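Chain and residue survey
Spelled out from the first residue to the last, the chains are:
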Amino acid sequence: MLMSVLLVSSSGQPLSDSQRLFSIAVSRVQHLHLLAQRIFSDFESSLQTEEQRQLNKIFLQDFCNSDYIISPIDKHETQRSSVLKLLSISYRLVESWEFPSRSLAVGSAPRNQISPKLTELKTGIHLLIRANQDGAEFFPDNSALQLAPYGNYYQSLGAEESLRRTYELLACFKKDMHKVETYLTVAKCRLSPEANCTL
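Throughout this description, residue numbers start from 1 for each chain and increase along the sequence as written. Reporting of local features is limited, given that this is a predicted model, to residues whose pLDDT is at least 70; pairs of side-chain atoms are given and counted only at 80 or more, and all residues count toward the totals for whole chains, interfaces and linings. Excluded from the side-chain calculations are hydrogens and water; all other atoms, namely the structure's heavy atoms, are used.

**Here we look at the nonpolar core**
What tends to happen in soluble globular proteins is that the nonpolar side chains get buried as a cluster. Put simply, a nonpolar core is a bunch of buried Ala, Val, Leu, Ile, Met, Phe, Trp, Tyr and Cys residues held in one set by side-chain atoms that sit within 4.5 Å of each other. Note on classification: 1.4 Å probe, protein chains only; a residue is buried when its accessible area is under 20% of the maximum for its type, exposed when over 50%, partly exposed between these limits. Leu 121, Ile 125, Phe 173, Val 180 and Leu 184 are the most contacted members of the largest nonpolar core, which totals 43 residues. Among the secondary structure elements, those contributing two or more residues to this core are α1 (17-45), α4 (83-95), α7 (114-132) and α8 (159-190). Working definition: helices are DSSP H or I runs of at least four residues, strands are E runs of at least two. Numbering for both runs from the N terminus. It is α8 that contributes the most residues to this core, twelve residues altogether. Discounting residues that sit within four places of it in the chain, Leu 121 has contacts with Ala 25, Arg 28, Val 29, Leu 32, Val 94, Val 180 and Leu 184. By definition in these notes, contact holds between two residues if any of their heavy atoms fall within 4.5 Å.

**Observations regarding the packing of α1 against α7**
Note on geometry: axes are lines fitted to C-alpha atoms, helical ones only across the stretch in contact, with angles between N-to-C directions running from 0 to 180 degrees. It is the contact of α1 with α7, at a shortest axis distance of 10 Å, that shows an interaxial angle of 150°. In terms of orientation, α1 lies roughly antiparallel with respect to α7. In this structure, the crossing between α1 and α7 has a hand that is left-handed. Seen from α1, the contacting residues are Ser 18, Leu 21, Phe 22, Ala 25, Arg 28, Val 29, His 31, Leu 32, Leu 35 and Ile 39; seen from α7, they are Ile 114, Lys 117, Leu 118, Glu 120, Leu 121, Leu 127, Leu 128 and Asn 132. Any residue outside Ala, Val, Leu, Ile, Met, Phe, Trp, Tyr, Cys, Pro, Asp, Glu, Lys and Arg is labelled polar, Gly included; the first ten of those are nonpolar and the last four are charged. Counted by class, the contact of α1 with α7 contains twelve nonpolar, three polar and three charged residues. For this classification, under 35 degrees means roughly parallel, over 145 means roughly antiparallel, 65 to 115 means roughly perpendicular, and everything else is oblique. Rotating anticlockwise by less than a right angle from the far helix to the near helix defines a left-handed crossing, while the corresponding clockwise rotation defines a right-handed one.

**Some words on α7**
Between its first and last C-alpha atoms α7 spans 27 Å; for 19 residues at 1.5 Å apiece the expected length is 27 Å, and the two agree. For α7, the complete set of buried residues consists of Ile 114, Leu 118, Glu 120, Leu 121, Lys 122, Gly 124, Ile 125, Leu 128, Ile 129 and Asn 132. An expected span of 1.5 Å times one less than the residue number is assigned to each helix.

**Structural notes on the state of the cysteines**
Only a pair of cysteine sulfur atoms within 2.5 Å qualifies as a disulfide here. Throughout the structure, instances matching the rule amount to one disulfide. The partner cysteine of Cys 64 in its disulfide is Cys 172, sulfur to sulfur 2.1 Å. Across the disulfide from Cys 64 to Cys 172, rotation about the S-S bond amounts to roughly -95°, and the bridge is consequently left-handed. One end of the pair, Cys 64, is in the loop between α2 (49-61) and α3 (75-80); the other, Cys 172, is in helix α8, with 108 residues separating them in the sequence. On the basis of relative accessible area, Cys 64 is assigned to the buried category, the value being 1%.

Listed below in structure tokens is the structure:
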């Protein structure tokens, strides 16, 4: 359930339902992105320097599962994308983490927050999409795209391979939450009459 918050714009005017939902969604994804950064940083801190260097080198050669979701390639394309497109991409990115987030939840208390917060964020983005549709299709392009849940990540692996997979999963989660934060922030800004939406 999305938290209820009464927000007022900088001009003192009450925010519309859509603006309020955007504010909540941006707040949720900012929290998830910070959580992802902290978990990734903690994981990196637990590694030996050589392990960290090797994993970073390997990760730079690999792709995240969500890289198959077509999204803006730079800030200029992000700026030119419609609100609905940014919302749809954000929805897909969040949805792609529903299953993998369960393995991120193993361990510390902050990790246990990930799955429920992703579910809340997905629900909020879905409501925003419906509010901004204006008769358009939910996912006009690649609607049949189904991503595999991180391939063989869930197979039993040796210690070294397991370490690599965990590193990749955490790095991809951090990367994707950053994307969603950017897309939602730009989309929210577009609906604010007094805002300058530069990245």
